[in-house]
Amino acid sequence: MSNGSSAPLVSVEDLNVKFVSRESTVNAVNDVNLTLDPGEVLCIIGESGSGKSVSMRALLRLLPERRTKITGALEVDGKDVLALKGKELSDFRGGLVSMIFQEPMTALDPVYSIGHQIAETVRRHEGCSMEKGLERALELLELVKVPSAERRLKAFPHELSGGLRQRAMIALALSCRPKLLLADEPTTALDATVQIQVLILLRKLQEEMGMGMIFVTHDLGVAAEIADRVAVMYAGRIVETGTVQEVLNSPRHPYTQGMLSSTVHGNMRGKDIEAIPGSPPDLRSLPTGCSFAPRCRIADDGCRAEVPAEVTLGPGRIARCFKLDETAAPKIREPMPA
Amino acid sequence: MTDITATPAQAHAVDQAAPVVRVRSYWQTVGYRLRYDYMTLFFGSVVILIILSAIFAPLLAPMDPYESSLINRLKPMGYKDFLFGTDKLGRDILSRLLYGGRISLAMGIMPVLIATIVGGSLGVLAGFLGGKTNMAIMRTVDVFYAFPSILLAVAISGALGGGIFNGMASLTLVFIPPLCRVAETATSQVRNLDFVEAARATGAGTLSIIRVHILGNVLGPILIYSSSLVSVSILLASGLSFLGLGVTPPEPDWGLMLNTLRGAIYINPMVCAIPGVAILITSVCFNLVSDGLRSAMDVRM
């Protein structure tokens with residue numbers, strides 16, 4: 001990347017997102033710290049409602065302003081995201097950072113052709129003519145390997161298959177050469193064979209264009225496939241971060257451990273899959289201590305009294321747990337194939 | 001930064017089997033569909049004929065629509081030069097019908113046009129902004145909704161007094177609430193869809209989201225609904241004239257002609273029916289054309 005220095009592309013400090021309504025306050029994201037270097041892929045893993053998507057939308061300021069309270073420091077490429085206004089914000093969205101959505105059917109406007117939608121975005125950011133925008137759209141469709149791109153330029157979203165639609169969505173997101181790509185479960189709505197194609201494509205484009213990418217998923221297999229680093233979220237907190245090998249092969253937080261042992265992996269026929277007992281806490285009233293404590297098999301009174309601080313286990317390796325000594329013992333299970 | 005151009009030859013072999021897509025732009029698709037929709041084509045050409053005949057009434061009309069003659073009162077169809085007969089002042093019905101079309105069509109189209117712009121914008125605004133704005137606009141509209149449309153038109157016309165302009169104004173007010181409601185419903189459905197958020201995520205401002213994505217999705221339903229209102233408007237305008245609230249005599253208007261000929265129904269029933277038939281044909285044609293456009297303009301079909 002051209003900025004040379006080792007400054008992180010994204011730095012998030014003490015991010016808190018609360019949804020305030022008359023009845024209650026939902027603590028969707030609590031004290032999240034994140035950094036992402038240029039050209040790095042970070043996977044955020046977590047179950048539904050753990051605050052993955054909300055954190056991403058906070059990075060783009062896509063959350064409804066009136067009902068959301070965001071505190072903390074959000075910086076992308078040296079820009080203070082929370083301070084952006086008007087034109088700056090529009091240039092930031094799509095120009096510096098763009099986003100791929102989960103459902104390509106609804107994320108593309110049904111009444112405009114694919115080419116038109118891409119050209120429109122290019123025109124908005126680069127101020128060029130519609131013809132220039134369409135040329136650009138053609139290049140982009142070829143870049144994301146849409147076969148017979150020229151014909152597809154005029155196709156409407158409903159005329160494309162799911163995989164092609166998601167490729168078009170990726171082309172749209174890449175249209176202005178963003179430095180940061182946010183991907184919100186981009187493969188969840190696709191079937192398995194198409195999923196892997198799209199993942200490989202994303203990884204390749206990310207490397208070619210030197211983008212940073214934050215990839216949200218609840219699929220550990222997808223994370224293992226694409227990520228450099230992994231952050232595990234639970235109840236709005238990042239409970240564990242580290243490289244993909246570290247987190248998936250030697251998890252230290254009990255939640256990560258539980259999550260990994262509840263996935264299907266080799267030679268377990270006839271054996272029940274371990275599940276984490278209980279369900280995630282209500283984000284309207286989080287427990288006072290560690291939010292995982294009620295489901296944790298090694299939690300004690302100390303865990304329930306206070307929220308554990310971030311413990312640095314190594315460079316870029318962080319976990320939030322009081323019992324890291326106990327969890328360090330190697331678990332009797334085969335490592336995740338990376 | 002990076003090389004963004006890649007050759008299409010690198011395309012994945014796996015995707016080659018993807019379904020072949022038609023290469024037509026939106027309007028080409030609409031045109032293609034209309035070309036094989038003979039019903040719509042036929043009724044569309046009738047509508048165009050009616051509009052043309054109204055525009056060129058001075059050239060087409062065989063006689064002066066205002067000229068009365070005492071000897072030629074209430075003559076039947078085909079009497080001498082009077083193809084459609086005469087009314088009770090001896091004026092030529094055909095000429096009055098052609099001239100009347102100008103007023104009746106104007107009364108049918110203008111109020112709907114203005115109401116589409118006003119009601120449509122109000123509805124899109126209410127639907128997009130939501131919250132208190134929506135509440136204020138939609139509840140106000142609901143007040144108008146409480147009255148049956150003909151009653152409302154009669155009440156407003158009655159309050160404003162007769163005349164073409166007041167008639168149009170009252171019809172416009174009658175059509176604003178339903179159009180506003182249609183626009184609001186369509187907008188609030190579209191507003192929360194992912195592509196609006198996706199547009200915001202690519203840097204689109206509120207105005208360009210409304211202009212491109214909201215209007216693009218909402219304009220179709222609004223236009224189709226308003227084209228079906230044209231026939232209602234013609235009927236209501238005729239009703240107003242019939243009651244003596246719209247057009248004032250001696251101006252020729254289909255509704256007014258129907259009213260004045262009503263007295264002669266036992267003497268000359270066929271001639272009496274002619275203005276009614278004109279209203280019927282026009283409104284049926286407008287309805288069928290708007291139906292045809294509805295199915296041709298829906299890209300998702």
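Everything numeric here is computed off the predicted structure, so don't read it as measured data. (Residues numbered from 1 in each chain as written. Chains lettered and ligands numbered in written order. Predicted model: local features only at pLDDT ≥ 70, side-chain atom pairs only at ≥ 80, totals over all residues. Heavy atoms only, no water.)

1. Some details on the pairing of strand β7 (residues 180-184) of chain A
Residue and element names in this part refer to chain A.
Now for step 1: Buried residues dominate β7, accounting for five of its five residues.
Now for step 2: Across the two faces of β7 the burial is the same, with L180, L182 and D184 and L181 and A183 all buried.
Now for step 3: Pairing of strand β6 (residues 97-100) with β7, which is carried by four bridges, proceeds in the parallel orientation. Paired with S98 across the bridge in β7 is L181.
Now for step 4: Pairing geometry for β7 and strand β8 (residues 212-217), over five bridges, is parallel. Opposite L180, over in β8, you have G212 as the bridge partner.
Now for step 5: Read from β7 through helix α8 (residues 192-209) to β8, the crossover connection turns out right-handed. (Buried < 20%, exposed > 50% of the residue type's maximum accessible area, 1.4 Å probe, protein only. Helix = DSSP H or I, 4+ residues; strand = E, 2+ residues; numbered from the N terminus. Pairing = 2+ DSSP bridges. Right-handed = clockwise from strand over helix to strand, strands pointing away.)

2. Regarding the sheet that holds strand β5 (residues 79-80) of chain A
Residues and elements named next belong to chain A.
Now for step 1: Across the sheet, which stays open at both edges, the four strands sit in the order β2-β1-β4-β5 with antiparallel pairing between neighbours. The outermost strands of the open sheet, each flanked by one partner alone, are β2 (25-36) and β5.
Now for step 2: Alignment of strand β1 (residues 10-20) against strand β4 (residues 68-76), held across eight bridges, turns out to be antiparallel. Considered in β4, the bridge of V12 is made with L74.
Now for step 3: Strands in contact with helix α1 (residues 52-59) are β1, β2 and β4; relative to β1, the strand with the most contacts, it is inclined by about 110°. (Contact = heavy atoms within 4.5 Å. Axes fitted to C-alpha atoms, helices over the stretch in contact; angles between N-to-C directions.)

3. Some details on helix α2 (residues 38-55) of chain B
All names here are of chain B.
Now for step 1: Compared with an ideal rise of 1.5 Å per residue, which puts 18 residues at 26 Å, α2 spans 25 Å between its outermost C-alpha atoms and is within 8% of the ideal.
Now for step 2: Every buried residue belonging to α2 is among T40, F43, G44, V46, V47, I50 and A54, and all of these are buried. On an axial view of α2, the arc spanned by its buried residues comes to 155°, and they lie on one face. Residues of α2 that are exposed and point over 90 degrees away from its buried face: Y38, F42 and L49. (Expected span 1.5 Å × (residues − 1). Arc of directions from axis to C-beta.)

4. Observations concerning a negative patch on the surface
Now for step 1: Judged by side-chain charge, E13(A), D14(A), D31(A), E75(A) and D80(A) come together as a negatively charged surface patch.
Now for step 2: Mapping E13(A) onto the fold places it in strand β1. (Patch = residues over 30% accessible without salt bridge, like charges linked within 9 Å, V, L, I, M, F, W, Y side chains within 5 Å. Areas by Shrake-Rupley, 256 points an atom, 1.4 Å probe, with all protein chains shown as cover. Salt bridge = Lys/Arg side-chain N within 4 Å of Asp/Glu carboxyl O. Lys, Arg positive; Asp, Glu negative; His and termini not counted. Charge placed at Lys NZ, Arg CZ, Asp CG, Glu CD.)

5. Details of helix α4 (residues 93-129) of chain B
Residue and element names in this part refer to chain B.
Now for step 1: For α4, built from 37 residues, the straight-helix expectation of 54 Å at 1.5 Å per residue is met to within 8% by its first-to-last C-alpha distance of 52 Å.
Now for step 2: The largest bend in α4 is about 30°, located at G100.
Now for step 3: G130 sits one or two residues past α4 and shows a positive phi near 65°. (Bend = angle between axes of the 7 residues up to and from the residue.)

6. Let's talk about the confidence of the model for chain A
The predicted coordinates should not be examined in detail at positions where pLDDT is low.
Now for step 1: Summarising the model, chain A shows a mean pLDDT of 84, and 93% of its residues fall at 70 or more.
Now for step 2: Highest mean pLDDT in chain A belongs to strand β3 (residues 41-45) of chain A (92); lowest belongs to helix α13 (residues 324-327) of chain A (76). (pLDDT = per-residue confidence, 0-100.)

7. Thoughts on a positive patch on the surface
Now for step 1: A cluster of like positive charges, contributed by R22(A), R66(A), R67(A) and K132(B), occupies part of the molecular surface.
Now for step 2: Mapping R67(A) onto the fold places it in the loop between α1 and β4.
Now for step 3: Residue classification places R67(A) among the exposed positions, given a relative accessible area of 52%.

8. Quick word on the pattern of salt bridges
Now for step 1: Applying the stated criterion across every chain yields a total of 23 salt bridges over all chains.
Now for step 2: Across the pair R57(A) and E197(B) runs a salt bridge, and its minimum N-O distance is 2.9 Å. Taken together, the residues R57(A) in helix α1 and E197(B) in helix α8 (residues 194-201) connect one chain to another.
Now for step 3: Taking the relative accessible area as the measure of exposure, R57(A) reaches 14% and is therefore buried.
Now for step 4: Of the residues examined, E197(B) reaches a relative accessible area of 16% and is grouped as buried.
Now for step 5: Here the residues in one salt-bridge network are R57(A), D184(A) and E197(B), joined through shared partners.

9. Some details on the side chain of S55(A)
Residues and elements named next belong to chain A.
Now for step 1: The topology assignment puts S55 in helix α1.
Now for step 2: The buried category is assigned to S55, whose relative accessible area is 6%.
Now for step 3: In this structure S55 touches L15, V29 and M233, once residues within four positions along its chain are discounted.

10. Considerations on a nonpolar patch on the surface
Residues and elements named next belong to chain B.
Now for step 1: Where nonpolar side chains cluster on the molecular surface, the patch consists of I48, L52, I55, F56, L59 and L60 and spans about 600 Å² of accessible area.
Now for step 2: Breaking the nonpolar patch down by element, the ones donating at least two residues are α2 and α3 (57-60).
Now for step 3: Looking at where I48 falls in the secondary structure, it is placed in helix α2.
Now for step 4: I48 gets classed as partly exposed once you look at its relative accessible area, which sits at 48%.

11. Overview of the packing of helix α5 (residues 131-145) of chain B against helix α7 (residues 164-191) of chain B
Residues and elements named next belong to chain B.
Now for step 1: Between α5 and α7, the least distance of the axes is 9 Å, while the angle of their chain directions is 140°. By the angle between their directions, the pair α5 and α7 is classed as oblique. Where α5 crosses over α7, the two elements pack in a sense that is left-handed. Along the contact surface, α5 presents N134, I137, M138, V141, D142, F144 and Y145, while α7 presents P177, P178, C180, R181 and E184. (Parallel < 35°, antiparallel > 145°, perpendicular 65-115°, else oblique. Left-handed = near helix turned anticlockwise from the far one by under 90°.)

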